[in-house]
Amino acid sequence: YFAPIESVQEQPTSGQLSPQIVVEQRDTMQHLHKIIESLPEKQKMVLQLRDIEGMSYQEIADVLEISMEQVKTNLFRARNFIKKQLLAAEQHGL
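Residues numbered from 1 in each chain as written. Predicted model: local features only at pLDDT ≥ 70, side-chain atom pairs only at ≥ 80, totals over all residues. Heavy atoms only, no water.

A.B. asks: Tell me what's going on with the nonpolar core, and back it up with residues and numbers.
C.D. replies: Membership of the largest hydrophobic core comes to 18 residues, with the highest contact counts inside it found for Val46, Leu47, Ile60 and Ile82. Listed by contribution, the elements that provide at least two residues to this core are helix 2 (19-38), helix 3 (41-52), helix 4 (57-64) and helix 5 (68-91). Here this core gets 5 residues from one element, more than from any other, and that element is helix 5. (Core = buried A, V, L, I, M, F, W, Y, C linked by side-chain atoms within 4.5 Å. Buried < 20%, exposed > 50% of the residue type's maximum accessible area, 1.4 Å probe, protein only. Helix = DSSP H or I, 4+ residues; strand = E, 2+ residues; numbered from the N terminus.)

A.B. asks: For the packing of helix 3 against helix 4, give the residues involved together with the corresponding values.
C.D. replies: Contact pair helix 3 / helix 4: the axes reach a minimum separation of 10 Å and the direction vectors enclose 140 degrees. The angle between the axes of helix 3 and helix 4 places the two elements in the oblique class. In this structure, helix 3 meets helix 4 at a crossing whose hand is right-handed. Residues Met45, Val46, Leu49 and Arg50 of helix 3 form the contact with helix 4, whose participating residues are Tyr57, Ile60, Val63 and Leu64. Along the lines of polarity and charge, the residues of the contact of helix 3 with helix 4 split into 7 nonpolar, no polar and 1 charged. (Axes fitted to C-alpha atoms, helices over the stretch in contact; angles between N-to-C directions. Parallel < 35°, antiparallel > 145°, perpendicular 65-115°, else oblique. Left-handed = near helix turned anticlockwise from the far one by under 90°. Contact = heavy atoms within 4.5 Å. Nonpolar A, V, L, I, M, F, W, Y, C, P; charged D, E, K, R; others polar.)

Just geometry here; none of it tells us what the structure is for.
Below is the structure:
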């Protein structure tokens, strides 16, 4: 599970962290945003509504006019894709 993007961005970036860590975090966030933008539209919308806006599965299903099962499937696929892409980037030093 990934924390909502805004909670990651709100972490302190000065004083306590070295400049190298700040740059690494910024690069990771930029890469994460690119990954999210590359998701299929439905997965991107479900991820946004759940992890960023904090909506329930039922609320998302109602808003998007899809079943709760489709909400869960799209969310799982989106999170799984993001996880794989971040792990691949980490292994390749990106």
